[in-house]
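The lines below spell out each chain.
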Protein chains: 2
Amino acid sequence: MKSITSSSYAVHFNETAYTELNAHLKKANYSKVFILVDENTHNFCLAPFMAEIEGDYDFEIIEIEPGEIYKNIETCTQVWEVLSELDADRKSVLINVGGGVVTDLGGFVASTFKRGIDFINVPTTLLAMVDASVGGKTGVDLGALKNQVGVINQPVMVLVVSSFLQTLEERQLHSGFAEMLKHGLIQDANYWNDLKILNNFTQLDHLIHHSVTIKNKVVLEDPTEQNLRKILNYGHTLGHAVESYFLESPEHELLLHGEAIAAGMILEGFLSHKLTGLPYTELETIKKVFLSRYSKVEFSKNDITEILKLLKFDKKNSHGNINFVLLKKIGEPQIDVKVPQELLEQAFTYYKE
Amino acid sequence: MKSITSSSYAVHFNETAYTELNAHLKKANYSKVFILVDENTHNFCLAPFMAEIEGDYDFEIIEIEPGEIYKNIETCTQVWEVLSELDADRKSVLINVGGGVVTDLGGFVASTFKRGIDFINVPTTLLAMVDASVGGKTGVDLGALKNQVGVINQPVMVLVVSSFLQTLEERQLHSGFAEMLKHGLIQDANYWNDLKILNNFTQLDHLIHHSVTIKNKVVLEDPTEQNLRKILNYGHTLGHAVESYFLESPEHELLLHGEAIAAGMILEGFLSHKLTGLPYTELETIKKVFLSRYSKVEFSKNDITEILKLLKFDKKNSHGNINFVLLKKIGEPQIDVKVPQELLEQAFTYYKE
C-alpha cells in the first residue's frame, strides 16, 4: 500500500512499515531506542513489533498505565524522569506503540524532553491509525479538559500496521470507525455512503488508507488550524464536552472517544440543519446511522447543563465565542459558525427523541 | 536604541519598547491579556509596566513564587489551570514580566497551552535581558536537572527596559554580567577587554545591546543548536552541574546562575588550556577576572564527585559522550571537545589553588 507523505514525514502501511523503520533506524544512529507502551500494548503488541526489528540497538521499554485518565502531566513527569534515569539524550528516539493516549502523550513527552527528541508513532488502535497518525497534534489532558496542554510537532514517521487491530475488542474498533464516518461527512459523501453500510471490520486496510489520505490533505493545507483544518472538529465541540463530562463524572459509565463524538455528530447535525442548511433527510440519516452503531447516551437535564458549561474551555473558542463546524450537506462543511444557546439545548432534545 | 531583529520577532529597547508593545496590542486584538509575574516583579515592576500601556484591555495578573526552585512542572500546572479558569483561549496573550524563571517558564506554559498561544517577554533582570531575550529556549527544571523539559519557540516580541535593573540587588547584576563576560570570551576579545575593567553598573544600556547583538547573531545562524550555537554553552557544562548540585544540596548556600557559570568558565578555561591551546596567560586572566568579581566556591572532594556525576544529564551529550565547548583563545571557541575524566578533576584542583 502506497505510503502517504505528510509535511515532513511519511505514514507507511503494513508491508512497507517495517522496511522503512529498519532502514531509518540503521541510518539515524540513535544513541538509544526507547519504546513507550501501555500495559495492553506491552502484552499484545510489543513482541510482534520487536520481532520485526532488524539489528542490535540499545532498547529500553517504558510502560504507562492504560486509559485516558492517565493522559496527564503526572504521567508525562514519570516518563521524563525515566528517560533521564535511563540516560536518554538528544540523539535518542522514542517510539510510541499504542492507542491515542500513548501516541499523544509520547509525542508531547518527546517534543519537550531536552527541548525535543525524535519520535515515531506506531498506532495500534483504529482510532489512533485514522485520527492521530497525521496532523502533529500532541498533548495531554488537564483535569477534565482534553488536550489542554500540548504542542504541534511532527513525528519522524508513522507506521500503520493493521494486524494490530486483531488485538482490539469490537467496541474499540467502533470507536475508531466514528472518526472514519466523520471523514465522509466533512469531505466525501461517497465514502460516507460506503462506510454507512459496512457490516464487518475484517477488510479495513483500504478504508484506513483513504481516511488517512483525507485527513492528511486537510492538515497539509492548513497545518496550524487557521481555517480548513477546523473541519476535522465536526462533532467534537459537543463531543469533547460530553467525553470530558463523562470522564470526570463517577456515576457515568466511561464513554470511548468515538462514542462521544458519535453523539456529538448527531447533535451538531441538528445545529447544521437549523443554521447551515443540512437537509432534514440527511440529518435523519446521520442520526439513524450513528444510533444503529453506538448506544444512545442517556443525558439528564443536569448532565446537559454541566456539558454546556464545559464548552467554554473548547480550544477553538476565541473572544468568548464558541465556534462550531457545521455541515451544509453531507460532504460539505462550514467553519466558524456561532450557535445560540437555546439551539444547543434543542439539539439534546432532538438527540433524545 | 536600535531594535534587534531575530528570526520572527524583534527585541525592542527602552524608549521604543512601549511604543512597539502598544502598537502590537492595538493591532493584535487579543481576547485577553495575561501578565505573569513573580512576587518580586509584582511588587517592583508591574506598576511601572502597566503605567506605560495605553488602551483598555481585559487584563489578568498571574503570580508565581520567586526563585529557581519553583521553575518546575508543578508551577506550570498551576499556571495552566489558572489560564483555564480565567478563560484564556487561543487568541489570548501571555506577557512574562520577570527574570529568567518567569520568562523561561512563562514561555513554556504559553507554547504548550492549547498547543500554543502568543507570548511576550519583558526580562527584568540583567541575566534575562542578555541571555533569555533571544534564542527561543523555554523550559523548566526536572528535579535537579536544569531545563530538562521545554521547547524552542519564539516570543512575539521582547522588551528590554533597563530601568527595571534599578530594582535589582548588586549580586543579581553580577549574575547577569557573567553572561556578558561569556559573550566576550566566545566571540569578541575587545568586548571582553572592555568588560573586564568595568567598575560600575550604571551605564549598561549599550553593553546590553551589544550582548544581545552577539547572542542573536549566533542563534540566527544556528537556531536548533547543531553547531555554532553550542558556543553559548561555554562555562555551562560544568557550570550547570555546579548550579544543579548546589540547588539540590541543602547544606550549601544557593548559587546564582552567573556565579555558577563564573566557576564553570574558570574550570573550562583550564580544560581549554590543556586541550585546545588557550594560552596560560589568558587562562590566568580569566581566573583573575572571575575571582575578583565572584566569591570563590568551596568544593569538597565529595562535592566534586557528585557534580561530575551530574554531567551525564547535560543536554549536549550524545551516545554517552560529554561534549564541551572550549576556547582556542579569548574570542575564539571550539565546539564538540571530548574531555578525559582525569582532566575534569584537575580543573577543580586548578580552580581551588
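No experiment lies behind these values; they were computed from the predicted model shown.

(A) View of the overall build of chain A. Looking only at helices and strands, chain A features 14 helices and 11 strands. Projected onto its principal axes, the C-alpha coordinates of chain A cover approximately 60 × 40 × 35 Å. Relative to its full complement of 353 residues, chain A shows a buried share of 62%. For chain A, the share of sequence-separated contacts (at least 6 apart) that also reach a separation of at least 24 residues comes to 77%. Approximately 13,700 Å² of chain A is accessible, and the part contributed by carbon and sulfur atoms is 49%. Averaging the coordinates of the 32 positive side-chain charges in chain A and doing the same for the 47 negative ones gives two points 8 Å apart.

(B) Quick look at the pattern of salt bridges. All names here are of chain B. On inspection of all chains with the given rule, the structure shows 30 salt bridges over all chains. In this structure, the salt-bridge partner of Lys-146 is Glu-243, at a minimum N-O distance of 3.3 Å. Of this pair, Lys-146 sits in strand S8 (residues 145-149) while Glu-243 sits in helix H10 (residues 236-248), and the two are 97 residues apart along the sequence. Look at Lys-146 and you get buried, because its relative accessible area is 9%. The salt bridge involving Lys-309 is made with Glu-306; its shortest N-O contact spans 3.3 Å. One end of the pair, Lys-309, and the other, Glu-306, are both in helix H13 (residues 301-310), three residues apart, so they sit about a helical turn from each other. What makes Glu-306 partly exposed here is its relative accessible area of 27%.

(C) Summary view of the interface of chain A and chain B. Chain A puts 38 residues into the contact, and the matching count from chain B is 38 residues. Buried area between chain A and chain B, summed over both chains or domains, comes out near 3,300 Å², and the portion from carbon and sulfur atoms is 54%. At the junction of chain A and chain B, the tally comes to two salt bridges. Counting every contact that joins chain A to chain B gives eight residue pairs in polar contact (both at pLDDT 80 or more). For the side of chain A that touches chain B, the secondary structure elements donating two or more residues are helix H4 (73-85), helix H5 (100-112) and strand S8 (145-149) of chain A. Here the side of chain A that touches chain B gets five residues from one element, more than from any other, and that element is H4(A).

(D) Region of the structure containing the packing of aromatic side chains. Residues and elements named next belong to chain A. Scanning all chains against the criterion turns up 22 aromatic pairs over all chains. When the centroid spacing of 5.0 Å and the interplanar angle of 45 degrees are considered together, the rings of Phe-177 and Phe-201 count as tilted. Taken together, the positions of Phe-177 in helix H7 (residues 170-187) and Phe-201 in the loop between helix H8 (189-196) and helix H9 (205-221) put the pair 24 residues apart, joining distant regions of the chain. When sorted by exposure, Phe-177 lands in the same class as Phe-201, which is buried. Measuring from ring centre to ring centre gives 6.1 Å for Phe-290 and Tyr-294, while their planes differ by 35 degrees; the resulting arrangement is tilted. The pair Phe-290 / Tyr-294 is uniform in exposure class, with both members buried.

(E) Fine view of the sheet that holds strand S9 (residues 157-160) of chain A. Residues and elements named next belong to chain A. Pairing is mixed in the open sheet, where seven strands are placed in the order S1-S2-S9-S6-S5-S3-S4. Two strands in the sheet have a free side with no partner beyond their single neighbour: strand S1 (4-5) and strand S4 (59-64). With two bridges joining them, strand S6 (residues 118-123) and S9 adopt parallel strand pairing. Looking across to S9, one finds that Asn-121 is bridged to Val-158. Along the sheet, helix H1 (residues 14-28) contacts strand S2 (10-13), strand S3 (33-38), S6 and S9; its crossing angle with S2, the most-contacted strand, is approximately 125 degrees.

(F) Broad picture of the relation of the copies chain A and chain B. Placing chain A over chain B gives an RMSD of 0.0 Å and needs a rotation angle of 180 degrees, together with 0.0 Å of translation along the axis. The superposition of one copy onto the other is thereby described by a two-fold rotation axis. In terms of C-alpha distance to the rotation axis, chain A has Ile73(A) as its closest residue, with the C-alpha 4.1 Å off the axis.

(G) Spatial organisation of the domain arrangement of chain A. All names here are of chain A. Segmenting chain A into domains produces domain 1 (4-167) and domain 2 (177-197 + 223-352). Computed over C-alpha atoms only, the centres of domain 1 and domain 2 are separated by 29 Å. Domain 1 puts 15 residues into the contact, and the matching count from domain 2 is 16 residues. Taken over both partners, the interface formed by domain 1 and domain 2 buries close to 1,400 Å², and the fraction arising from carbon and sulfur atoms is 62%.

(H) How the structure looks around the environment of Glu65(A). All names here are of chain A. Within the fold, Glu-65 resides in the loop between S4 and H4. Through-space distance from the C-alpha of Glu-65 to that of Trp-192 is 35 Å; in sequence the pair is 127 residues apart. Those residues in contact with Glu-65 that sit more than four places away from it in its chain are Asp-38 and Tyr-70.

(I) Local environment of helix H7 (residues 170-187) of chain B. For H7(B), which comprises 18 residues, the first-to-last C-alpha distance of 26 Å matches the rise-based estimate of 26 Å (1.5 Å per residue) to within 8%. Among the 18 residues of H7(B), 14 are classified as buried, and the element is accordingly described as predominantly covered.

(J) Looking closely at the pairing of strand S10 (residues 323-329) of chain B. Residues and elements named next belong to chain B. For S10, the buried fraction is high: five of the seven residues fall into the buried class. Where S10 lies against strand S11 (residues 332-338), five bridges are found, and the strand directions are antiparallel. Looking at the pairing, Leu-327 lines up with Pro-333 of S11.

(K) Here's a closer look at unusual backbone geometry. Of note in the backbone geometry, Arg115(A) takes a positive phi value of approximately 65 degrees without being a glycine. Relative to the assigned elements, Arg115(A) resides in the loop between H5 and S6. The backbone phi angle of Asn147(B) is positive, close to 50 degrees, even though this residue is not glycine. Looking at the element boundaries, Asn147(B) is found in strand S8.

(L) Broad picture of the pairing of S2(A). Residue and element names in this part refer to chain A. Of the two faces of S2, the one lined by Ala-10 and His-12 and the one lined by Val-11 and Phe-13 are each fully buried. As paired elements, S1 and S2 share two bridges and run antiparallel to each other. Paired with Ile-4 across the two strands is Val-11, which belongs to S2. Connecting the antiparallel pair S1 and S2 is a turn made up of four residues.

(M) The arrangement of the nonpolar core in detail. Ranked by internal contacts, the top residues of the largest apolar core, which has 97 residues, are Phe49(A), Ile208(A), Leu271(A) and Phe290(A). For this core, the element with the most residues is helix H11 (residues 257-275) of chain A, which contributes nine residues. Both domain 1 (4-167) and domain 2 (177-197 + 223-352) of chain A contribute no fewer than three residues apiece to this core. Leu165(B), Ile266(B), Leu278(B) and Leu326(B) belong to the second largest nonpolar core, which has 94 residues in total.

Calculation rules
- Residues numbered from 1 in each chain as written.
- Chains lettered and ligands numbered in written order.
- Predicted model: local features only at pLDDT ≥ 70, side-chain atom pairs only at ≥ 80, totals over all residues.
- Heavy atoms only, no water.
- Helix = DSSP H or I, 4+ residues; strand = E, 2+ residues; numbered from the N terminus.
- Buried < 20%, exposed > 50% of the residue type's maximum accessible area, 1.4 Å probe, protein only.
- Contact = heavy atoms within 4.5 Å.
- Areas by Shrake-Rupley, 256 points an atom, 1.4 Å probe, with all protein chains shown as cover.
- Lys, Arg positive; Asp, Glu negative; His and termini not counted.
- Charge placed at Lys NZ, Arg CZ, Asp CG, Glu CD.
- Salt bridge = Lys/Arg side-chain N within 4 Å of Asp/Glu carboxyl O.
- Buried area = accessible area lost by both parts, 1.4 Å probe.
- Polar contact = N/O pair within 3.5 Å; in protein donor to acceptor, adjacent residues only side chain to side chain.
- Phe/Tyr/Trp six-rings, centres within 6.5 Å; stacked < 30°, edge-to-face > 60°.
- Pairing = 2+ DSSP bridges.
- Axes fitted to C-alpha atoms, helices over the stretch in contact; angles between N-to-C directions.
- Least-squares fit on C-alpha atoms with pLDDT ≥ 70 in both.
- Domains from an automatic or database assignment.
- Expected span 1.5 Å × (residues − 1).
- Core = buried A, V, L, I, M, F, W, Y, C linked by side-chain atoms within 4.5 Å.

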